[in-house]
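Structural description and commentary
This is what each chain is made of:
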Amino acid sequence: MAFVTKKDRSKERFSLLLLDLEEHYFEQHTAYNLTSRGPEANRRTSGSLKICSKSVIFEPDDAVKPILKILLKDCKGIGAVEETGHNPFIESKPPCILIETKQIYLIKEDNVVAPYKYERGEKKVTFQLEVLGKTEDVVQIVLQLHRASCLDKQGDQTAMVAAILQSRLARTCFDKNSFQHVTENPHMECVAEMVSPLVTNAGHVCITDCNLYFQPMNGYPDLVVQIGLHSVRRIYKRRHGLRPLGLEVFCTENDLCSDIYLKFYSTKERDELYYYIATFLENHVAECTAESYMLQWQRGHISNYQYLLHLNNLADRSVNDLSQYPVFPWAISDYSSTQLDLLNPASFRDLGKPIGALNTERLERLLERYRDMPEPHFMYGSHYSSPGYVLFYLVRVAPEHMLCLQNGRFDQADRMFNSVGETWKNCLEGGTDFKELIPEFYGSDSSFLKNLLGLNLGRRQGGGRVENVELPPWASDPDDFLEKMCLALESQYVSEHLHEWIDLIFGYKQRGSEAVAAHNVFHPLTYEGGVDCDSIEDPDQKIAMLTQILEFGQTPRQLFVTPHPQRITPRFHNLSATPSLSSSELSPGSPSMESFEDLTEESKKMAWSNMNKLALQSCHKIHKEAVTGIAVTLTGDSIFSTSQDSTLKMFSKENGLQRSVSFSNMALSSCLMLPDDKIVVCSSWDNNVYFYSIAYGRRQDTLMGHDDAVSHICWRDDKLYTASWDSTVKIWKCAADDISSNKRTQFDLLAEFEHEAGVNTLDLSPAGTLLATGTKEGTLTLWDIANPLPLNQMTCHAGKIHQVAFSSDSRHILSVGEDSCLVVTDVQTGMLIATVHAEQEQRCFCWDGNTVLSGGMSGDLSVWDLLSSKVIHKIPAHTGAVTCMWMNEQCSTIITGGVDKQIILWKPEY
């Protein structure tokens, strides 16, 4: 939050956060957007045209109108044209810039920060520069950048943009008219980039005998940044993008945010500037090392908060780099009591253990997986600090940063930072959540806990809007919460144990055998020196590696290699006994209520814990080819199945086969039951979807919606989701009541999701807001239902994906494919958390987030524990591949279908 409040630019609409990650802002021109149609036809909208490396952005002067962003990769044509108007006798109008694109992003309409909107379809946008003579030059630079954006390989795109950037920087130099004094003597000049969270800005650096200057190439946000050397208090060398290129300058002693963070293009230039400033500081400021700060802290001269702040700075952590944001510990473990007792050790978290080791049962599962894991070993599949986690906490004060990180979208409402207690609980119990806190939890500004900006962050599954963060019962308001968090951090208990946490994060338990013994081992790529990016020759691999590391998070630089000494606490004031925590001020709220879990949840847990005891109930061989889909009425009385023999069958366990229906001579690929138990929907290889009325015993309707086989279907809230081998997924509006009532149904196409290959499977998140799709080429794509642009796209499998499914909490997606792998993907980051290699190809599955029941090519059912990546139990089932699987809501009945034409009913025995 320090980076948000450092310089208030809230009244400015444009910011570098509107650019994509790793994008550069080149120049801006006063211009006019010439509207060609609509109510404002033939009117000019004045504003500023921004030329960026991946996009063109137009910021209207009228703050009510949206900012327009056009991605260059979406452009089909760019050129200079002369507007001739409708009358051939009228003289031609001045030259304009015409851009033909397939979509336009609309940002900050009515000057409101919100998820980006877009206009899709063929568009022609015309801009006229105020300085007409620059039109051709602007067109040429945009065309050059467009060529870069259209290159096939990401590495080639990056290299071409870098060449354009360096060429432009080489043609200019620092304007010495910006010097504060005419007598200043320049010592050094070079090119660099000014770094702020998620963005960088290229320009020229100049240092004189009095001042450090940075002059942005584009003149944004200021024509020049000037820092007097006499005001400098601290300087730090930084790793940026895993390379020793950064330099951060502070003009204050204890401020979180620096005055400038620069990234140089060579380590030599960085070091030369660093040593010049360091030499200047020798006569003014005493140098402070980790050891000197440690002694000050031990003796009580600086607080726990100040000491952690200094250690973070020394360990390369900066608020300007979200992949290396300062990390602070969870200190309190009690978020349910009405009164916080800071004299009770039970109120505190065990600071001698990493977050992942606080829950013994979870740790045992993680260690079992760790022991069986091939090199390189790691215990935790996610880090304790990453850009996503930082903005998870700060989205209410840094919404534009979240939109920048997540391609113009906020996270799903139920995955937001909604409650302190819920977040702590998930860190204790979640299979992949091991995050620590950030300094803001121990600061004085509580705005990050309140939705002061009135942001529309969505609605949770219960229907409530995401507003302020829910606080523990012992906090009367956000300010009171932060005050108690500060008191906890400075308490006697934390002061006596903080050195143990320092050993884990900054010290000798960070690496090697001590880290293993302390259960503190993360992925090797997160550690300094874990990978040498300069040794990777393939530019695409290098970019992919850098992106993965920066998004995943980085472990701080190791500061201590021996055990950190304990604080000398007798001389330190015991803040935990201060009057501010007296019982008179801690007004008792309603008592903490221990609620019983829902019986359905209990039955699910019971069923999954006994999934290895599946008992066969009955077998039914009613098809002539492989079974492809299973649907069951709510009562369980009737079972419907589809097959490659082109038939839909209806049968029951008691009465056997009751109906057989054929819609065409092509295979049926899947089926589902509408909520009223009156209609069965079937997808077919003949490109159609059929609606079968159980009551009337006939085909009720047909949806002809695709150009190739319909592979899979889903239904939610009167919307049908259809996946097809024509490389699309479509959403159709069709009311279940209309279909059931024998009316002619109106199928309205609401959205279309385009893919690069045929779509083989899809699944909706439990809340119905996210869609996951899997293609024939092994690509898993995550979509926001409200916006047909991918949130994340990952190549998870080498070959066709057979099935994808969300976990019940929507945090993860499991997929199985032709490559015999089970892959778990994190929904928020798109990161592949776990890849389990099976002995044989798995075709279908059901899972609860931890345990998987899958059907393989041999016909066996396998029960998997994902944490240990092991098969717990195998159950002989079919004589050929298991092709489909159905499970009821209570997880008490399982039905499988196979290539052997059989349908088998199962129940867990317990």
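Residues numbered from 1 in each chain as written. Predicted model: local features only at pLDDT ≥ 70, side-chain atom pairs only at ≥ 80, totals over all residues. Heavy atoms only, no water.

Per an unreviewed UniProt entry, the chain goes by Protein FAN and derives from Onychostoma macrolepis.

A look at the packing of aromatic side chains
Going by this rule: To pair, rings of Phe, Tyr and Trp, with the six-membered ring standing in for Trp, must have centres within 6.5 Å; the planes then decide the type, stacked if under 30 degrees apart, edge-to-face if over 60, and tilted in the middle. Helix and strand assignments come from DSSP, with helices taken as H or I runs of at least 4 residues and strands as E runs of at least 2, each series counted from the N terminus. When accessible area is computed with a 1.4 Å probe and restricted to protein chains, residues below 20% of their type maximum are described as buried, those above 50% as exposed, and intermediate ones as partly exposed. Geometrically, a charge over a ring is one whose NZ (Lys) or CZ (Arg) sits within 6 Å of the ring centre while staying within 35 degrees of the ring normal.
Throughout the structure, instances matching the rule amount to 35 aromatic pairs. A ring pair is formed by Tyr393 and Phe441, whose centres lie 4.9 Å apart and whose planes are at 80°; its orientation type is edge-to-face. Taken together, the positions of Tyr393 in helix α8 (residues 387–394) and Phe441 in the loop between α10 (420–429) and α11 (478–489) put the pair 48 residues apart, joining distant regions of the chain. Classification of Tyr393 by relative accessible area gives buried; the value is 1%. Following the ring pairs from residue to residue traces out a cluster consisting of Trp330, Tyr335, Phe392, Tyr393, Phe417, Trp424, Phe441, Phe448, Trp474 and Phe481. A cation over a ring is seen here: Lys776 above Trp725, with NZ or CZ 3.8 Å from the ring centre.

Notes on the pairing of strand β26 (residues 728–733)
Basically, it comes down to this: Two strands qualify as a pair provided that DSSP identifies no fewer than 2 bridges between them.
Of all 6 residues that make up β26, 5 are buried, and the element is covered over most of its length. Here strand β25 (residues 719–724) folds back onto β26, and the loop between the two strands holds 3 residues, one of which, Ser727, carries a positive phi near 75°. Relative to strand β27 (residues 748–754), β26 is paired through 6 bridges, and the arrangement is antiparallel. Within β27, the position partnered with Trp732 by the bridge is Leu749.

Remarks on α8
Most of α8 is tucked away, with 8 of its 8 residues classed as buried. Looking at α8, one finds that the buried residues are Pro387, Gly388, Tyr389, Val390, Leu391, Phe392, Tyr393 and Leu394.

Side note on the confidence of the model for the chain
A low pLDDT score tells you not to read the predicted coordinates there in detail. For clarity, the threshold we go by: What pLDDT conveys is the predictor's confidence in a given residue, as a value from 0 to 100. Residue contacts follow a heavy-atom distance rule, with two residues in contact if any of their heavy atoms lie within 4.5 Å.
When the pLDDT values of the chain are averaged, the result is 89; 92% of them are 70 or greater. Considering only residues more than four positions removed or in separate chains, one finds that residues 571–598, a stretch of pLDDT under 50, has 35 contacts.

Examining the UniProt feature "repeat: WD" (unreviewed entry) in the chain
Cut-off, in case you're wondering: UniProt positions are given in the numbering used here, feature names are shortened, and annotations may be inferred rather than shown by experiment.
What UniProt calls "repeat: WD" (unreviewed entry) maps, in this numbering, to residues 703–733, 752–793, 794–835 and 875–910. Across residues 703–733 one finds 0% helix and 68% strand; the C-alpha atoms that close the span lie 11 Å apart. Secondary structure across residues 794–835 divides into 0% helix and 57% strand, with the first and last C-alpha atoms of the span separated by 13 Å.

Examining the packing of helix α2 (residues 135–149) against helix α3 (residues 154–170)
Our working definition: Here the axes come from fitting lines to C-alpha atoms, over the contacting stretch only for helices, and the angles between their N-to-C directions go from 0 to 180 degrees. Any angle from 65 to 115 degrees is called roughly perpendicular, while one under 35 is roughly parallel, one over 145 is roughly antiparallel, and all others are oblique. Under the grouping applied here, Gly and all other residues not named as nonpolar or charged are polar, the nonpolar ones being Ala, Val, Leu, Ile, Met, Phe, Trp, Tyr, Cys and Pro and the charged ones Asp, Glu, Lys and Arg.
One way to put it is that α2 packs onto α3 with a least axis distance of 8 Å and a crossing angle of 155°. Relative to α3, the element α2 lies roughly antiparallel. Counted together, Ile141, Gln144, Leu145, Arg147, Ala148 and Ser149 of α2 and Gln157, Met160, Val161, Ile164 and Arg168 of α3 form the full contact between these two elements. For the contact of α2 with α3, the residue count by class is 6 nonpolar, 3 polar and 2 charged.

Section: the nonpolar core
Worth spelling out the cut-off: Definition used in this section: a nonpolar core is a set of buried Ala, Val, Leu, Ile, Met, Phe, Trp, Tyr and Cys residues joined via side-chain atoms within 4.5 Å.
Core analysis: the biggest nonpolar cluster contains 109 residues, and Phe441 and Phe481 have the highest contact counts within it. Among the elements that line this core, the one with the most residues is helix α12 (residues 492–505), at 7 residues. Apart from the residues lying within four places of it in its own chain, the contact partners of Phe441 are Tyr393, Phe417, Phe448, Phe481, Leu482 and Met485. Counting 28 residues, the second largest nonpolar core, distinct from the first, contains Ile70, Ile97, Ile164 and Leu165.

A few points about the sheet that holds strand β21 (residues 679–684)
Taken in spatial order, the 4 strands make up an open sheet running β20-β21-β22-β23, and their pairing is antiparallel. Of all strands in the sheet, those with a lone pairing partner are β20 (668–673) and β23 (698–704), marking the two edges. When the angles between neighbouring strand axes are averaged without regard to direction, this sheet yields 20°. Across 5 bridges, β21 lies against strand β22 (residues 688–693) in antiparallel orientation. Among the inter-strand pairings, Val680 is bridged to a residue of β22, identified as Tyr692.

Points about the side chain of Ser683
So the rule is basically this: For the purposes of these results, a polar contact is taken to be a pair of N or O atoms within 3.5 Å, where, inside protein, one atom must be able to donate a hydrogen and its partner to accept one; residues adjacent in sequence count only when each atom of the pair is a side-chain atom.
Among the secondary structure elements, Ser683 is positioned in strand β21. Separated by 2.6 Å, the side chains of Ser683 and Ser669 make a polar contact.

Brief notes about the domain arrangement of the chain
For the record, the criterion: An automatic or database domain assignment provides the domain bounds reported here. Computed with a 1.4 Å rolling probe, the buried area is the accessible surface lost when two parts are put together, summed over both parts.
Here the chain is partitioned into domain 1 (16–168), domain 2 (174–287), domain 3 (306–552) and domain 4 (624–847). The centre of domain 3, based on its C-alpha atoms, is set 37 Å off from the matching centre of domain 4. Taken residue by residue, the interface counts 14 residues in domain 3 and 17 residues in domain 4. Between domain 3 and domain 4, roughly 1,500 Å² of surface is buried when both sides are summed, and carbon and sulfur atoms account for 48% of that area. For the domain 3 face of the interface with domain 4, the top three residues by lost area are Arg409, Gln412 and Arg415, together amounting to 41%.

Remarks on the pattern of salt bridges
Pairs may arise between side chains of opposite charge once their charged atoms sit close together. Rules: Any Lys or Arg side-chain nitrogen located within 4 Å of an Asp or Glu carboxyl oxygen qualifies as a salt bridge.
Inspection of every chain in the model, using the stated rule, returns 28 salt bridges. A salt bridge links Lys123 to Glu119, with the nearest nitrogen and oxygen atoms 3.6 Å apart. Counted as one network, the salt bridges with shared partners bring together Arg238, Arg239, Glu248, Asp316, Glu528 and Arg557.

Some remarks on the packing of helix α6 (residues 304–314) against α12
Rule in force here: Should the near helix be turned anticlockwise from the far one by less than a right angle, the crossing is left-handed, and should it be turned clockwise, the crossing is right-handed.
Axis separation between α6 and α12 bottoms out at 11 Å; the angle between their running directions is 10°. The angle between the axes of α6 and α12 places the two elements in the roughly parallel class. The chirality of how α6 crosses α12 is right-handed. Along its contact with α6, which presents Asn304, Tyr307, Leu308 and Leu311, the element α12 presents Val494, Ser495, Leu498, Trp501 and Ile502. For the contact of α6 with α12, the residue count by class is 7 nonpolar, 2 polar and no charged.

Details of the sheet that holds strand β32 (residues 801–806)
The strand order across the open sheet formed by 4 strands is β32-β33-β34-β35, and the pairing between neighbours is antiparallel. Two strands in the sheet have a free side with no partner beyond their single neighbour: β32 and β35 (832–837). The sheet shows a mean angle of 15° between the axes of neighbouring strands, direction not considered. Alignment of strand β33 (residues 812–817) against strand β34 (residues 821–826), held across 5 bridges, turns out to be antiparallel. Bridge assignment links His812 to a residue of β34, and that residue is Asp826.

Describing a negative patch on the surface
Selection rule: Surface patches are drawn from residues lacking salt bridges whose relative accessible area is over 30%; two like charges belong together within 9 Å, two nonpolar side chains (Val, Leu, Ile, Met, Phe, Trp, Tyr) within 5 Å. For the area figures, the Shrake-Rupley method with a 1.4 Å probe applies, and any residue is considered shielded solely by the protein chains shown. Working convention for charge: Lys and Arg count positive, Asp and Glu count negative, and His plus the chain ends are omitted. Where a charge sits is defined by one atom per residue type, namely NZ (Lys), CZ (Arg), CG (Asp) or CD (Glu).
A cluster of acidic side chains, namely Asp445, Asp477, Asp479 and Glu483, defines a negative patch on the protein surface. Secondary-structure assignment places Glu483 in helix α11.

Describing the UniProt feature "domain: BEACH-type PH" (unreviewed entry) in the chain
Here, UniProt's "domain: BEACH-type PH" (unreviewed entry) annotation points to residues 181–278. This span, residues 181–278, is 12% helix and 52% strand, and a straight line between its end C-alpha atoms measures 22 Å.

Side note on helix α5 (residues 290–298)
Selection criterion: This arc is built from the directions going out from the helix axis to the C-beta atoms.
Of all the residues in α5, the buried ones are Ala290, Tyr293, Met294, Trp297 and Gln298. Buried residues of α5, seen end-on, are gathered within an arc of 135° and therefore sit on one face of the element. Buried positions along α5 lie against β12 (234–240), α6 and α12. Just past α5, the residue Gly300 takes up positive phi, approximately 85°.

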